[in-house]
Amino acid sequence: MSNMPRILISFSSKTHGTAEIATWIADTLRSRNCEVILQEAGKTPDLPEHDVAIIGSALYSGRWQRHPVRLLRQMVKIAAPQAVWLFHSGPLGDENAHQPMPLPKNVRVLADQLQLQDVATFGGRLPEKAPGLLRLLIRRASKPGDWRDPQQVTAWAHKIADTVTSPTPHTNGQQAS
Ligand SMILES: Cc1cc2nc3c(=O)[nH]c(=O)nc-3n(C[C@H](O)[C@H](O)[C@H](O)COP(=O)(O)O)c2cc1C
C-alpha cells in the first residue's frame, strides 16, 4: 500500500447523527494524509476505487440500514481484497452508550465472509425533531439526547490511520484492537 491510501467511508444515517460521525472519521484520516472518499451508502451506483473501506450504519430496531448491507454483499461478491472496518451508532443513554453492540446477524454473516473480526460501537443521538413517522417512533424510543463521543470516534480513526499508513502490510485492519 502506498503512503497515501485511498479510503472509502460509506455510511447510512436517517437523522444525520451517523453522518456526522462519518465526517469526524473523514477529518481525522485527512489530517493523517489519507485520501478520503466520503459517501452516503446507496447514493452512487459504483464502488469507487479504494484501498481501505470503512462502512457504518445507524442502528434501528437492532438492524443496519439497507444500503451499507448491500455494499458489504457487493464486496463479498467481488471478493474485495482490501481491508474493511465496520462501525455502527445507536445506543442511547448514559448506561448504554458505551456498550458494544454486536453486529446484526445478517451483517455478521457478511463480516465473517470478509474475515472481519469486530465492529466499533459508537453512542447515538436521538434528535428532538425528525420528519414524519420517525418523529413518532423517536418519541417512543427514549429521551432525546446526544451520546456520541467525538474523542472515541477520532481515536478509532487514528487507529485505522496507524494501521493503513504503517509500512507493514495488513490484510485485515480489524485485527489490531
Ligand atoms: C425507532 C428507533 C429505533 C432504534 N433502534 C435502535 C436499536 O435497535 N439499537 C440501537 O443501538 N439504537 C437504536 N436507536 C437509536 C438510533 O440508532 C440513534 O438515534 C442513532 O444515533 C440514529 O442515527 P442517525 O441519526 O444516523 O439516523 C433507535 C432509534 C429510533 C428512533
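For the structure itself, look to the data block above.
Residues numbered from 1 in each chain as written. Predicted model: local features only at pLDDT ≥ 70, side-chain atom pairs only at ≥ 80, totals over all residues.

Draft legend 1. Geometry of the nonpolar core. Ranked by internal contacts, the top residues of the largest apolar core, which has 39 residues, are Ile7, Ile9, Ile25, Leu29, Ile54, Val84 and Leu86. For this core, the secondary structure elements donating two or more residues are strand S1 (6-12), helix H1 (17-31), strand S3 (52-58), helix H2 (66-77), strand S4 (83-89), helix H3 (105-113), strand S5 (119-122) and helix H5 (150-165). Each residue touching Ile54, except ones within four places of it in the same chain, is listed here: Ile7, Ile9, Ile25, Trp85 and Ile160. (Core = buried A, V, L, I, M, F, W, Y, C linked by C-beta atoms within 7 Å. Buried ≥ 20, exposed ≤ 12 C-beta atoms within 10 Å, placed from the backbone. Helix = DSSP H or I, 4+ residues; strand = E, 2+ residues; numbered from the N terminus. Contact = placed C-beta atoms within 7 Å.)

Draft legend 2. Structural context of the environment of Leu114. Structurally, the position occupied by Leu114 is in the loop between H3 and S5. Ignoring sequence-local partners within four residues, the contact set of Leu114 consists of Met75, Val76 and Val84.

Draft legend 3. Looking closely at the site of the ligand. Around the ligand sit 23 residues, and of these Ser13, Gly17, Thr18, Gly90 and Gly124 come closest. Among the elements of the structure, H1, strand S6 (125-126) and helix H4 (132-141) are those that each provide at least two residues to the shell around the ligand. Split by residue class, the shell around the ligand holds eleven nonpolar, ten polar and two charged. (Near = placed C-beta within 6 Å. Nonpolar A, V, L, I, M, F, W, Y, C, P; charged D, E, K, R; others polar.)

Draft legend 4. Inspection of the sheet that holds S5 at higher detail. Spatial strand order, S2-S1-S3-S4-S5: five strands in an open sheet with parallel pairing. Bordering the open sheet on either side are strand S2 (35-40) and S5, each of which pairs with just one other strand. Ignoring which end each strand starts from, the neighbouring axes of this sheet average 20° apart. Pairing analysis gives six bridges linking S1 to S3, with the strands arranged parallel. Looking at the pairing, Ser12 lines up with Ser57 of S3. Helix-sheet contacts for H5 involve S3, S4 and S5, and the interaxial angle to S5 is about 160°. (Pairing = 2+ DSSP bridges. Axes fitted to C-alpha atoms, helices over the stretch in contact; angles between N-to-C directions.)

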